[in-house]
Structure formats: C-alpha cells, structure tokens
Amino acid sequence: MASIVEMDEIYSAPIIDVKNLSKSYGKNQVLNNVSVSLKPGQIIGLLGPNGCGKTSLIKILTGLINDYSGDVKVNGYKPGVESKAVVAYLPEKTYLADWMRPIDAINYFDDFFADFDKEKALAMMQHFNLPMKQKAKTMSKGMQEKLQLLLVMSRKAKLYILDEPLGGVDPAARSFILDTIMQNYSKNSTVLLSTHLIHDVERIFDHVLMIGKGQVLLDEDTDKLKADGRTIEDVFKEVFHFAWEVN
Amino acid sequence: MLGKLIKNDFIASAHSMLGIYLATLAVGVVTAITYAFESPAIIQGIVTVALLILSFAILIIPIFQLLSYFNKSLYSNQGYLSYTLPVKSRNLLFSKAVVSFSWITLSYAFYIGIYTFIIKYFFAKMDPAILEQLETIYDMIDTLPDKSVIFKVIAVVLLLAFVEILVLVSQIFFSITLSNIKPLNQLGGAGGVILFVAIFLAMFTAFINLTQYFPLSLYVTSSKVMLVDNAMYGTSGTLIGIAGIIFQVICTVAMFIGTNYLMKKKINIK
C-alpha cells in the first residue's frame, strides 16, 4: 500500500511532460524547443491562433506524429501503447469509416479501450438522438461530431485531449459540446482542450497554455491570471499582440 | 488485442469485398441452373461469359480494394483512430496482412473453382474431347504407384502461391506507406501506384536474373518434386528457381520490417 508521501508523488507527477520539443515541416518550424510540464487533475486550455502549433503538439502527444526531436512523456510513458490506453482523443477531423453505424463504433471502442463504458455510450447515443443503425456516410457533420464526442467522453480516461471541439459549430452547439464534456469527464482526470475561441470556454479552465510561433508564450494557472480582474481573453490579446510584434 | 484487430479488419474490409464474391456466387448459381435445366445455348453462353468476366474481376478488384482499404484505414482521416488505438504498429500491420492474405487467397480459390466449373460443364460440352482429357488426367492420378507425390506437388504449388500472395501484399503495403512520407507524399495518390510498379518490376527482374545465374531449382511434375540443376531438366515439368524464391522471401520480410519502421517512426498523419 502506498504511503501518503508516495500517493502525493503519484498525484503530482506530471500527466504531460515535454522537454526541448521541436518539430518542423521542411523549413517551417512549428514547435521550437518547447518545454512544458502539466499537473494532472486540471482542465487545461491550449490556446493560440490558427497555425501556431497546437495541433502538432497534440498529434505528438497522441502518437500521430513520430518524427520530432525532444523528450515527450504522457502519464510517464513515451507516446505508445501505454500512453494511448489512458488518452481519450477527439481530433478536429471525423475519423469513422463510411460503413460504421453508431452501434458499430461503440462496439469498436468497447473492443479496444479497457476504460470504455458501453452502457454510458448507449445512453448518450439515445440522449443525443443518434440513430443506432445509420451509417456514418449518411450522417451530417454535426451528427458525426456528436458520435465522436460520445465515444471519447464514454471513456474513463486519465487524459482527455480535445482538439478544437468548438471550431466550426454554432453557439448552441458549442454550449451543448461544453456541457457534454463537463458532465462526462472523469473528475480525477485531466482535460487538455485546444481552442482559439476563448470567450466561450475560459470559465472552465484551471490552467492555460498559450502557444505562438512554435513557442510557449504563457503557462499559468487561471486564478493568477484573473487576480487583477482581467479575463483570459484579455490576457490572450495582450500575449498575442506582443508575440506578433516581436515576431 | 491482435485478435480484436483482425476481427475488426475483417469486418471493415468485408464491406468492400463481399459484393464481388456474392455477385460471383449468384452468377455461378444461375449458370449452374441453366446447365441443370438444359437452357438454350445462347443463355448458357451469356451467363458463362458473365461468370468468366467475374472470374477475372475477382482476381483484380480485391487487390485494388485492399490497396484502398490499407491506405484509407491508416493514412486518411481513419488513421486518427487506427494510430491512437493502444496497439503496437506491428500488430496493426500484421492484422492487415492476415486479412489481405485471406481475401486474396479466397479470390484465388474462387477463380480456380469457377474455371473448374466452366471447363467441366461449358467447354467440355462444346468439345467432348476436353472431358476425355480430364478423365485421362483423373485416371493417371488413380494409377500413380505413390499417391503421396501428388500431395507433395499440391503442397509445393500451394506454398509457392502463398509466397507469391505474401510478396504481393508486402509490395502493396510498403509502396503505400512509402508514398505517404515526405517527399514522396507530394505525388499524391499516384505515388503509391508508381512505387508499386517500380518495386514490382525491380523484384521481377532480380528474380529472373537470380533464377538464371543460380541454377539450383525445384523441378515439379505430376509425378515428382526434386531439386535439380537447370541445365539438366526443364522439358517435361516446371522449374522453380530456388534463388529467386529465397530472394523474394527476404525482400518480403524486409518490406514488412520497413513498413513497420516507417509506420512507427516516419508517418505523420495529415
């Protein structure tokens, strides 16, 4: 049985630990010597304008990009089988095969993810009014996004990585997506949510990480940022106005 | 996890593969009915030609469908799901290899089945001499003093067929994977096809040359299987160059290892 000191160490061990991470596409350097260590049990906003390197960082964390330099650990492991087992990832893109119906997708997740709660997924499917047997190719983009959201949020993952879940949807849908995330994520887990739409989500963040021009421009708890009455959006405008000027 | 991968790859690929098999089966049944009820020759001819066309299609179409399935499931948007599953890249590859191998083998089996049917019922009807020739072959097999030879011949032929299927699968996987890596990914969808043709031709040329310059071969006839020197045999049976086969096996293993390395270290899912 672990002692209190050991438990404290386990709890405070970073869920994401990145050291000197660099990634470029040809001459275009998207991440430049990034180092960041994120504690578990928080909702973290990964903020930055389009094309700043947020998605590249997420793809490296989830094991979709492998040719980078630097040291990356997720829950203590390099991106691989062990880390993927504890990461629930919602990409920007719809990744379901055309033939898949919601019930097929649920069975698929149930096969591969030990932390997947099939009963919860089936309940969410009904709640979302998704027809069990409609093929993905005949669904609207909104329905496909709902299906992917329910698949991800039906896992009891240690880390949820949500890449621009609010992008390209109307305000009502944004509210629905945020509510779904807040009601369904495991309370001891970590949520890393990337967005450039700060106004809608800043209330939920415990911590924010702002990335611009391939570098971490700000890595701070929201309590400290809001101490002088500013909003995250105000801070964002200050940081990126400054960042664009120096770059 | 490997079992689950194979199961799900079978389910996924079946959606594009089953159509061609079902169509062939349906036409096969219709053809059999037309023969059983002695329908007019014109109808028998039409359904037999349809079956013949399908028999060619069943050899070619599954290869393109598997090529497309491999590319889609790993290197299109579906790659976001495949590569974030808690499985090793070698298991992803192995599963797709098993599934592709199985479908192509099934295609070959269908092809052979269709031809046996057509020769037995259609061509033999047109020319009774064909039926007599078939019966002569059956009689020859019956009169063989050692029937185990025929099983050896079948085993060698099957083994070589399996090797050829594996070679084909490894060439397809390696070409597609390589075509998804910079700078070859700039060629787009054509990149995989160009690479496949280049690898296929290079390996075929090497196979021919190795068979010619390293003369040890497997000599296969309906009555014996033996190792021989090319110079001594080659008139009444089939010579299979051992050096060429060994080269193909080594290349196949290298291409699977190479594909796994690229999947693990070099692929960037767009």
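Quick notes on the rules
- Residues numbered from 1 in each chain as written.
- Chains lettered and ligands numbered in written order.
- Predicted model: local features only at pLDDT ≥ 70, side-chain atom pairs only at ≥ 80, totals over all residues.
- Helix = DSSP H or I, 4+ residues; strand = E, 2+ residues; numbered from the N terminus.
- Rg over C-alpha atoms; globule rule 2.2 N^0.38 Å.
- Buried ≥ 20, exposed ≤ 12 C-beta atoms within 10 Å, placed from the backbone.
- Contact = placed C-beta atoms within 7 Å.
- Nonpolar A, V, L, I, M, F, W, Y, C, P; charged D, E, K, R; others polar.
- Domains from an automatic or database assignment.
- Expected span 1.5 Å × (residues − 1).
- Pairing = 2+ DSSP bridges.
- Axes fitted to C-alpha atoms, helices over the stretch in contact; angles between N-to-C directions.
- Parallel < 35°, antiparallel > 145°, perpendicular 65-115°, else oblique.
- Left-handed = near helix turned anticlockwise from the far one by under 90°.

A.B. asks: Explain the overall build of chain A to me, using residue names and the numbers behind them.
C.D. replies: If you tally the helices and strands in chain A, you get ten helices and nine strands. Since a compact globule built from 247 residues should have a radius of gyration of about 18 Å, the 18 Å found for chain A is in line with a globular shape. Seen through its principal axes, chain A has C-alpha atoms that stretch 55 × 50 × 40 Å. In chain A, which comprises 247 residues, the share counted as buried stands at 42%. Excluding contacts between residues fewer than 6 apart, the proportion of contacts in chain A whose partners are at least 24 apart in sequence is 71%.

A.B. asks: Account for the overall build of chain B, naming residues and giving values.
C.D. replies: Helix and strand counts for chain B come out as eight helices and three strands. Reading the secondary structure of chain B in the N-to-C direction produces α-α-α-α-α-α-α-β-β-β-α. Its C-alpha atoms give chain B principal-axis dimensions of roughly 60 × 50 × 35 Å. Counting only residues that meet the buried cut, chain B has 27% of its 270 residues in that class. Restricting the contact set of chain B to residue pairs at least 6 apart, pairs at least 24 apart contribute 71%.

A.B. asks: Account for the interface of chain A and chain B, with residues named and values stated.
C.D. replies: Taken together, the contacts link 20 residues of chain A with 20 residues of chain B. For the side of chain A that touches chain B, the elements supplying multiple residues, two or more each, are helix H2 (54–62), helix H3 (81–84) and helix H4 (102–112) of chain A. For the side of chain A that touches chain B, the element with the most residues is H4 of chain A, which contributes three residues. Partitioned by chemical class, the residues of the side of chain A that touches chain B number eleven nonpolar, four polar and five charged.

A.B. asks: Tell me what's going on with the domain arrangement of chain A, and back it up with residues and numbers.
C.D. replies: All names here are of chain A. Each domain of chain A was delimited in the assignment, giving domain 1 (14–86 + 158–246) and domain 2 (96–156). Taking only C-alpha atoms into account, the centre of domain 1 sits 25 Å from that of domain 2. With five residues, helix H7 (residues 171–184) is the largest single contributor of residues to the side of domain 1 that touches domain 2. For the side of domain 1 that touches domain 2, the per-class residue count stands at seven nonpolar, three polar and no charged.

A.B. asks: Could you give me a rundown of helix H7 (residues 189–213) of chain B, with the residues and numbers involved?
C.D. replies: In this model H7 of chain B runs 37 Å from its N-terminal to its C-terminal C-alpha over 25 residues, within 8% of the 36 Å that 1.5 Å per residue would give. Within the sequence span of H7 of chain B, burial applies to Gly 192, Leu 195, Phe 196 and Thr 211 of chain B.

A.B. asks: Quick one: what's the story with the sheet that holds strand S4 (residues 69–74) of chain A, residue by residue and with numbers?
C.D. replies: Residue and element names in this part refer to chain A. Here we have three strands laid out as an open sheet, ordered S2-S1-S4, and antiparallel in their pairing. The outermost strands of the open sheet, each flanked by one partner alone, are strand S2 (28–38) and S4. When strand polarity is set aside, the average angle formed by the axes of neighbouring strands in this sheet is 20°. Of the strand pairs in this sheet, strand S1 (residues 16–25) and S2 are connected by seven bridges, and their pairing is antiparallel. Among the inter-strand pairings, Ser 24 is bridged to a residue of S2, identified as Gln 29. Against the sheet, H2 contacts S1, S2 and S4, and its axis sits at roughly 120° relative to S1.

A.B. asks: An account of the packing of helix H6 (residues 148–178) of chain B against H7 of chain B is needed here, citing residue identities and associated values.
C.D. replies: All names here are of chain B. In the contact formed by H6 and H7, the axes pass within 8 Å of each other and the chain directions differ by 135°. For the element pair H6 / H7, the angle class is oblique. Here the hand of the crossing between H6 and H7 comes out right-handed. Residues Gln 171, Ile 172, Phe 174, Ser 175, Ile 176 and Leu 178 of H6 form the contact with H7, whose own contacting residues are Gly 192, Leu 195, Phe 196, Ile 199 and Phe 200. Taken together, the residues that form the contact of H6 with H7 break down as eight nonpolar, three polar and no charged.

A.B. asks: Could you give me a rundown of the sheet that holds strand S5 (residues 87–90) of chain A, with the residues and numbers involved?
C.D. replies: Residues and elements named next belong to chain A. The sheet built from six strands is open, its strands ordered S5-S6-S7-S3-S8-S9 with mixed pairing. The outermost strands of the open sheet, each flanked by one partner alone, are S5 and strand S9 (215–221). Between one strand and the next, the sheet's axes are offset by a mean angle of 15°, whatever the strand orientation. Examined bridge by bridge, strand S6 (residues 159–163) and strand S7 (residues 190–195) share five bridges and lie parallel to one another.

A.B. asks: Can you lay out the environment of Gly 191 of chain B for me, pointing to particular residues and giving the numbers?
C.D. replies: Residues and elements named next belong to chain B. Residue placement: Gly 191 occurs in helix H7. Given 19 C-beta atoms within a 10 Å radius, Gly 191 is considered partly exposed. In sequence terms Gly 191 and Thr 177 are 14 residues apart; their C-alpha atoms lie 10.0 Å from each other. Leave out the neighbours within four places in its chain, and Gly 191 touches Ser 179, Leu 184 and Asn 185.

A.B. asks: So what's going on with the pairing of S9 of chain A? Which residues, and what values?
C.D. replies: Residues and elements named next belong to chain A. Taken together, the six bridges between strand S8 (residues 207–212) and S9 define a ladder with antiparallel strand orientation. Bridge pairing in S9 places Leu 209 opposite Asp 219. Between the antiparallel neighbours S8 and S9 lie two residues, among them Lys 213 with a positive phi of about 50°.

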